[in-house]
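# Per-entry structural report
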Amino acid sequence: MANSGQKVVLITGCSSGIGLRIAVTLAEDEKKRYHVIATMRDLKKKDKLLEAAGDAYGKTLMLLPLDVCSDDSVKQCINNVKDRHIDILINNAGVGLLGPVESISIEEMKRVFETNFFGVVRMIKEVMPDMKKRRSGHIVVMSSVMGLQGVVFNDVYTASKFAMEGFCESMAVQLMKFNIRLSMIEPGPVHTEFETKMMEDVAKMEYPGVDADTVRYFKDVYLPSSIDIFEAMGQTPDDIAKCTKKVIESNSPRFRNLTNSLYTPIVALKYADETGGLSVNTFYNLLFNFGPLMHITMSILKCLTCSCLRRRTVSPN
């Protein structure tokens, strides 16, 4: 139970990665300003979180089961919070999907949207009425740079993030009237076990029904380039957790928060040309015409990206 003066923070998707690190970072706050409710779909996967939380578990951090894809689970989780009082909701739960779109079934696409989009909508719908009554609250949504700029072979994942960005951009205007802030956290590549395993799995997969050229472009062109970008520009879950903490502690939190300043020029391409041609043609040339040059560039960037520069990239300010 939260102590007087503590803010109640509910976080989805805390079994590993970014969600785990956000939960532990807030629970270990030196001033003990937060009572963290870390949630996950399967509490059998709690061991990593409990190990990382250490003594904070049972004091500034508690666990609740939550499946963001279930209306009943969402309602039951919020009902288990004292007075349904949540000061800060951090929507982190998400799933990825990578590969040629011809090989992805409609059911697989729906599952991505069920978690990445409708899961966020369920959570916001459940906590928003109480926040409106109190005229207070902060909703944080873990988006992605792919919610701002499409990335080849990430078509469905990108679409789910675009949908979420549009929803939140619309909601933010209404919520301001009730003194509720809405913030998007927009990481680029993040080094997690999930991302590593997904990359390894898709490289081994067969893609029946997909033409040979597309499979070759995916495996021999896109994947190597993607790995280069991850190695040169990737952040850690701790980086994202620190950025998120800064956002929720800001007196005037921004709506959009790119966690990695190295991505700012890439996103800017999209808005520099209203026809969309500049960003589409740039990404086409980088991938298909200047692949070797991009590999060299990423290698140089990896060498130049020292710890000092990485520290600069985690601040939303």
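Given the structure is predicted, the values throughout are model-derived calculations rather than measurements.

Let us now look at the overall build of the protein. If you tally the helices and strands in the protein, you get 12 helices and 7 strands. A compact globule built from 317 residues would reach a C-alpha radius of gyration of about 20 Å, and the protein, at 20 Å, matches this within 12%. Each of the three principal axes of the protein carries a C-alpha extent, and together these read 60 × 40 × 40 Å. Sequence separation of 24 or more characterises 78% of the internal contacts of the protein that already satisfy a separation of 6 or more. On the protein, roughly 16000 Å² of surface is accessible, and the fraction owed to carbon and sulfur atoms is 56%.

According to UniProt, the feature "binding site: substrate" (unreviewed entry) maps to Ser144 in the numbering used here. Relative to the helices and strands, serine 144 resides in the loop between β5 (137-142) and α5 (155-176). Leaving out residues up to four positions away in the same chain, serine 144 has contacts with Tyr157, Lys161, Glu165, Ile185, Glu186 and Pro187. Among the polar contacts made by the side chain of serine 144, one reaches the main-chain amide nitrogen of methionine 146 at a distance of 2.9 Å.

Okay, the packing of helix α6 (residues 193-204) against helix α7 (residues 212-233) next. Packing of α6 against α7 brings their axes to within 11 Å, and their N-to-C directions diverge by 165°. By the criterion of interaxial angle, the relationship of α6 to α7 is roughly antiparallel. Viewed along their axes, α6 and α7 form a crossing whose handedness is left-handed. In this structure, α6 uses Glu195, Met199, Val202, Ala203 and Lys204 to contact α7, whose residues at the interface are Phe218, Lys219, Leu223, Ser226 and Phe230. Looking at the contact of α6 with α7, its residues break down into 6 nonpolar, 1 polar and 3 charged.

What follows deals with the side chain of serine 279. Here serine 279 lies in helix α10 (residues 277-289). Beyond its immediate chain neighbours, meaning those up to four positions away, serine 279 contacts Gln149, Leu269 and Lys270.

Attention now goes to the nonpolar core. Residues Leu10, Ile86, Leu89, Met123, Ile139 and Leu182 are the most contacted members of the largest nonpolar core, which totals 31 residues. Elements supplying a minimum of two residues to this core: β1 (7-11), α3 (71-79), α4 (106-134), β5, α5 and β6 (180-186). Counting residues per element, this core draws most heavily on α4, at 8 residues. Residues contacting leucine 182, with those up to four places away along its chain left out, are His138, Ile139, Cys168, Met171, Ala172, Leu175, Arg254 and Phe255. Counting residues in hydrophobic clusters, the runner-up holds 30 residues, among them Ala27, Val36, Leu49 and Val247.

Summed over the entire model, instances satisfying the criterion amount to 8 aromatic pairs. The interplanar angle of 10° and the centroid separation of 5.9 Å between the aromatic rings of phenylalanine 218 and tyrosine 222 together place this pair among those described as stacked. With phenylalanine 218 and tyrosine 222 both in helix α7 and 4 residues apart, this pair spans about one turn of that helix. When sorted by exposure, phenylalanine 218 lands in the same class as tyrosine 222, which is buried. By the ring-pair criterion, three or more aromatic residues cluster together here, those being Phe153, Tyr207, Phe218 and Tyr222. In this structure, lysine 132 packs its charged tip against the face of phenylalanine 178, placed 4.7 Å from the ring centre.

Take the sheet that holds strand β4 (residues 88-91) next. An order of β3-β2-β1-β4-β5-β6-β7 is seen for the 7 strands of this open sheet, with the pairing classed as parallel. The open sheet has two edge strands, β3 (61-65) and β7 (256-258), and neither has a second partner. Put simply, the sheet's adjacent strands are angled 20° from each other on average, direction ignored. Where strand β2 (residues 34-40) and β3 come together, 5 bridges link them in parallel fashion. Each bridged residue has a counterpart across the sheet, and for alanine 38 the counterpart in β3 is leucine 63. With respect to the sheet, helix α8 (residues 237-249) is in contact with β2, β4, β5, β6 and β7, its orientation differing from that of β5 by roughly 155°.

How each quantity is defined
Residues numbered from 1 in each chain as written. Predicted model: local features only at pLDDT ≥ 70, side-chain atom pairs only at ≥ 80, totals over all residues. Heavy atoms only, no water. Helix = DSSP H or I, 4+ residues; strand = E, 2+ residues; numbered from the N terminus. Rg over C-alpha atoms; globule rule 2.2 N^0.38 Å. Contact = heavy atoms within 4.5 Å. Areas by Shrake-Rupley, 256 points an atom, 1.4 Å probe, with all protein chains shown as cover. UniProt positions renumbered as here; feature names shortened; annotations may be inferred. Polar contact = N/O pair within 3.5 Å; in protein donor to acceptor, adjacent residues only side chain to side chain. Axes fitted to C-alpha atoms, helices over the stretch in contact; angles between N-to-C directions. Parallel < 35°, antiparallel > 145°, perpendicular 65-115°, else oblique. Left-handed = near helix turned anticlockwise from the far one by under 90°. Nonpolar A, V, L, I, M, F, W, Y, C, P; charged D, E, K, R; others polar. Core = buried A, V, L, I, M, F, W, Y, C linked by side-chain atoms within 4.5 Å. Buried < 20%, exposed > 50% of the residue type's maximum accessible area, 1.4 Å probe, protein only. Phe/Tyr/Trp six-rings, centres within 6.5 Å; stacked < 30°, edge-to-face > 60°. Lys NZ or Arg CZ within 6 Å of the ring centre and 35° of its normal. Pairing = 2+ DSSP bridges.

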